[in-house]
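Observations on the model geometry
Listed below, chain by chain, are the residues.
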Amino acid sequence: MKREEKNALSRQRILDAAMEEFSRNGYDGASLNTVCAEKGISKGIIYHYFKDKDELYLLCVGHCFDAFTAYLQNAAGSLAGSAQARLQGYFDARLRFFAGHPLYLALFADAAFRPPAALREEIAQCRQAFDALNISVLTDLLKSEPLRKGLTVSTVVEDFRLYMDYFNLHFKADLCGERSMSDLLREHEERCHRQLDVLLYGVFGEKHAE
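Computed from a predicted model, the values in this text were never measured in an experiment. (Residues numbered from 1 in each chain as written. Predicted model: local features only at pLDDT ≥ 70, side-chain atom pairs only at ≥ 80, totals over all residues. Heavy atoms only, no water.)

**Considerations on the packing of helix α1 (residues 3-29) against helix α6 (residues 102-113)**
Geometrically, a packed helix pair is captured by the angle between its two axes and the distance between the axes. The N-to-C vectors of α1 and α6 enclose an angle of 45 degrees; their axes lie 8 Å apart at closest approach. Considering the angle they form, α1 stands oblique to α6. For the pair α1 and α6, the sense of crossing is left-handed. Within the contact between the two elements, α1 uses Met19, Glu20, Phe22, Ser23, Gly26 and Tyr27 and α6 uses Pro102, Leu103, Tyr104, Ala106, Leu107 and Asp110. Among the residues forming the contact of α1 with α6, the class breakdown is 8 nonpolar, 2 polar and 2 charged. (Axes fitted to C-alpha atoms, helices over the stretch in contact; angles between N-to-C directions. Helix = DSSP H or I, 4+ residues; strand = E, 2+ residues; numbered from the N terminus. Parallel < 35°, antiparallel > 145°, perpendicular 65-115°, else oblique. Left-handed = near helix turned anticlockwise from the far one by under 90°. Contact = heavy atoms within 4.5 Å. Nonpolar A, V, L, I, M, F, W, Y, C, P; charged D, E, K, R; others polar.)

**Brief notes about the layout of surface pockets**
A volume near 820 Å³ is recorded for the largest pocket. A total of 8 residues in the lining of the largest pocket trace back to one element, the largest contributor, which is helix α8 (residues 128-143). Here the lining of the largest pocket is built from residues that sort into 21 nonpolar, 3 polar and 8 charged. In this structure, the second largest pocket encloses a volume near 380 Å³. Along its surface, the second largest pocket is lined by 14 residues, and Leu147, Leu151, Leu199, Leu200 and Tyr201 are the ones closest to its centre. Elements with a minimum of two residues in the lining of the second largest pocket: α8, α9 (153-174) and α10 (181-201). The element best represented in the lining of the second largest pocket is α10, accounting for 3 residues. (1 Å grid on protein atoms, 1.4 Å probe; cavity = no way out; pocket = protein on both sides within 12 Å on 5 of 7 lines; lining within 4 Å. Points joined across faces, edges and corners; volume = space filled by probe spheres on them.)

**Focus: the packing of aromatic side chains**
The full count for this structure, using the stated rule, is 15 aromatic pairs. Summarising the aromatic geometry, the rings of Phe97 and Tyr104 are spaced 5.8 Å apart at their centres and angled 5 degrees between planes, so their arrangement reads as stacked. Exposure class is identical for Phe97 and Tyr104. Each is buried. (Phe/Tyr/Trp six-rings, centres within 6.5 Å; stacked < 30°, edge-to-face > 60°. Buried < 20%, exposed > 50% of the residue type's maximum accessible area, 1.4 Å probe, protein only.)

**Here's the deal with helix α2 (residues 32-39)**
Within the span of α2, buried status applies to Leu32, Val35 and Cys36. End-on view of α2: buried residues confined to an arc of 95 degrees, all on one side of the axis. Projecting away from the buried face of α2 at angles above 90 degrees are the exposed residues Ala37 and Glu38. As for α2, its buried residues are in contact with α1, α3 (43-49) and α4 (53-76). Capping of α2 at its N-terminal end is provided by Ser31; its side-chain oxygen lies 3.1 Å from the backbone amide nitrogen of Asn33. Downstream of α2 by a residue or two, Gly40 has a phi angle that is positive, lying close to 65 degrees. (Arc of directions from axis to C-beta. Polar contact = N/O pair within 3.5 Å; in protein donor to acceptor, adjacent residues only side chain to side chain.)

**Considering the side chain of Glu189**
Mapping Glu189 onto the fold places it in helix α10. Separated by 2.4 Å, the side chains of Glu189 and Arg94 make a polar contact. Dropping the residues within four chain positions of it, Glu189 is found in contact with Phe91, Arg94 and Leu95.

**Regarding the environment of Val61**
Considering the arrangement of structural elements, one finds Val61 in helix α4. Along the sequence, Val61 and Leu107 sit 46 residues apart, while their C-alpha atoms lie 6.8 Å from each other. The contacts of Val61, once residues within four sequence positions are left out, are Leu107, Ala111 and Cys126.

Written as structure tokens, this is what we have:
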């Protein structure tokens, strides 16, 4: 085996082990000592390939957001039907991704909702494409139907981002409890979907709209 191939395999082995550790314990609870003990990897080898815990965490977070964004981009390209149907399809795709990639679930929640203070800027860079995709999907939905007089696409998008800031804080508080991450994220996604639906179509039924 060539040296380059051996180095690549060693790096990937460390990254896979780190992914498990960060997913299980989050940034604050993760330990490189645990990675070494459980996976039989020497600390010297880890530091040969990676600077420190922060670099490993950011690489894992970057892989998570890259994979999630690529999956959603593919899903967004096949959305069809009414704006409501496309909205439902997009949120369904978000949940399908995490159902199929359980390791990314806790890592995503840790990085998105309780990022280490010292790494906030770096994590923001990791999620730029993900955030841009969400805005792009919402913008396309808004452009597909006429808006009420006095509203613009940009103002509705900004209002939705403010809504999401509030619900993200609520979700962050829920993470301190004992409920499973999958249940919490599913409820969070359902709440985001419901609030976006309310933002777009209101709360009154058809009788009131007549």
